[in-house]
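# Notes for the structure review
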Amino acid sequence: MKALYSLTAAALVVVAAPASAATVIVSNVAGLPSKTAWGTYPGENNAGSTAAVTSTVAYNGNGSLEMRGDRTRTQLGIQFTLGRTDIGALADVSALTFDWRVAADSTNPYNADYTPALRLLILDGSTRKELIWEGAYNGTYGKTTRDTWYSTTSADKFYITGGNENDGQMIASWASQLTGARVLGMSVGVGGGLGKGYHAFADNVTLTTSTGSTTYNFDLKPTATVPEPGTWLMMMLGFGVVGAACRRRTRVRVALG
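Remember, predicted model here, so these are calculated numbers, not experimental data. (Residues numbered from 1 in each chain as written. Predicted model: local features only at pLDDT ≥ 70, side-chain atom pairs only at ≥ 80, totals over all residues. Heavy atoms only, no water.)

Okay, the overall build of the protein chain next. Summing up its helical and strand segments, the protein chain has 2 helices and 15 strands in all. Counting across all 257 residues of the protein chain, residues that qualify as buried make up 44%. For the protein chain, the proportion of contacts with a sequence separation of at least 24, taken over those separated by at least 6, is 75%. For the protein chain, the accessible area works out to roughly 13200 Å², and carbon and sulfur atoms hold 57% of it. (Helix = DSSP H or I, 4+ residues; strand = E, 2+ residues; numbered from the N terminus. Buried < 20%, exposed > 50% of the residue type's maximum accessible area, 1.4 Å probe, protein only. Contact = heavy atoms within 4.5 Å. Areas by Shrake-Rupley, 256 points an atom, 1.4 Å probe, with all protein chains shown as cover.)

What follows is the structure in structure tokens.
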């Protein structure tokens, strides 16, 4: 069951409905990231950690993004040495949300409720920065249950690279302040130092802008179903009956003509 959980203090937030909404299925994150493809830079997943779309926990389809180990980072867009992408103006972004789940067998040296992290990658002038969501700074500790899905909201707080983690703001608030900043991409993953026992899942990363929203659903590609021998036989018999009926109608038309 998906648990809807407000991770901020109670507030009334009015958000205009997006002009359009689209869903993109992400089935593979093994390659390098680009403006249109999710992937991982070499070295971002370290100490034997992994991040992959699997069927371990099927969510909103037949899969989700499964993360194991000390540090993982799966992203859309280019932020580092391979160049950069320009997805749009930060001023147009109103929210970045996702669904997350901590596995029952997950362990780490920090806190039992340690969550995955969600990041919006931006370029502020000539400086690369990140707007970072973590459960620790959104009131999740002591309020969540293992093996349960939770959803962040547009009212959740993100802290900025180099800033105080406790001074987080909503994405829309950052957008109104960082005028001229551009969006390079987004990422989902977990921080370093968690150890090999950390285990969590993520899905439905949704970027909402003034023109609409795009949801990236981590899901396995559907597999073609091969009919059973008995089904093949029934299909062949059906085709035979249809063919015989067609031939009979043809003979009747000739006789009447």
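Having seen it, we continue.
With the rule as written, the count across this model stands at 7 salt bridges. For Glu44, the salt bridge is made with Arg71, and the minimal N-O distance between the two is 2.5 Å. Linking Glu44 in the loop between strand S3 (38-39) and strand S4 (50-54) with Arg71 in the loop between strand S5 (64-68) and strand S6 (72-76), this pair joins segments that are 27 residues apart in sequence. Judged by its relative accessible area of 12%, Glu44 falls in the buried class. Salt-bridge contacts for Glu130 lead to Arg119; the nearest nitrogen and oxygen are separated by 3.0 Å. Taken together, the residues Glu130 in strand S10 (residues 127-133) and Arg119 in strand S9 (residues 117-124) connect sequence positions 11 residues apart. On the basis of relative accessibility, which here comes to 9%, the residue Arg119 falls in the buried class. Here the salt bridges share partners, and the residues they tie into one network are Arg73, Arg119 and Glu130. (Salt bridge = Lys/Arg side-chain N within 4 Å of Asp/Glu carboxyl O.)

Glancing now at the nonpolar core. Counting 40 residues, the largest nonpolar core has Trp38, Leu90, Leu96, Leu120, Leu131, Met186 and Phe218 as the members making the most contacts within it. One finds Val57, Tyr59, Trp149 and Phe201 within the second-largest nonpolar core, a separate group that totals 5 residues. (Core = buried A, V, L, I, M, F, W, Y, C linked by side-chain atoms within 4.5 Å.)

Taken as a whole and assessed by the stated rule, the structure comprises 9 aromatic pairs. Here Tyr110 and Tyr114 contribute two aromatic rings whose centre-to-centre distance is 5.9 Å and whose plane-to-plane angle is 40°, an arrangement assigned as tilted. Among the residues examined, Tyr114 registers a relative accessible area of 11% and is labelled buried. Of the aromatic side chains, those joined through ring pairs into one cluster are Phe98, Trp100, Trp133 and Tyr150. (Phe/Tyr/Trp six-rings, centres within 6.5 Å; stacked < 30°, edge-to-face > 60°.)

Turning to the side chain of Thr208, a few remarks are in order. Residue placement: Thr208 occurs in strand S14 (residues 199-209). With residues up to four places along the chain from it excluded, the contact list for Thr208 reads Asp92, Val93, Ser94, Ala95 and Ser213.

In terms of residue burial, S9 counts as a mostly covered element, since 7 of its 8 residues are buried. Here S9 runs beside strand S13 (residues 182-190); their pairing, made up of 7 bridges, is antiparallel. Counterpart to Leu120 in the pairing with S13 is Met186. Pairing analysis gives 7 bridges linking S9 to S10, with the strands arranged antiparallel. Looking at S10, one finds that Asp124 is bridged to Thr127. Hairpin connection, S9 to S10: the antiparallel pair is bridged by 2 residues, and Gly125 has positive phi, about 70°. (Pairing = 2+ DSSP bridges.)

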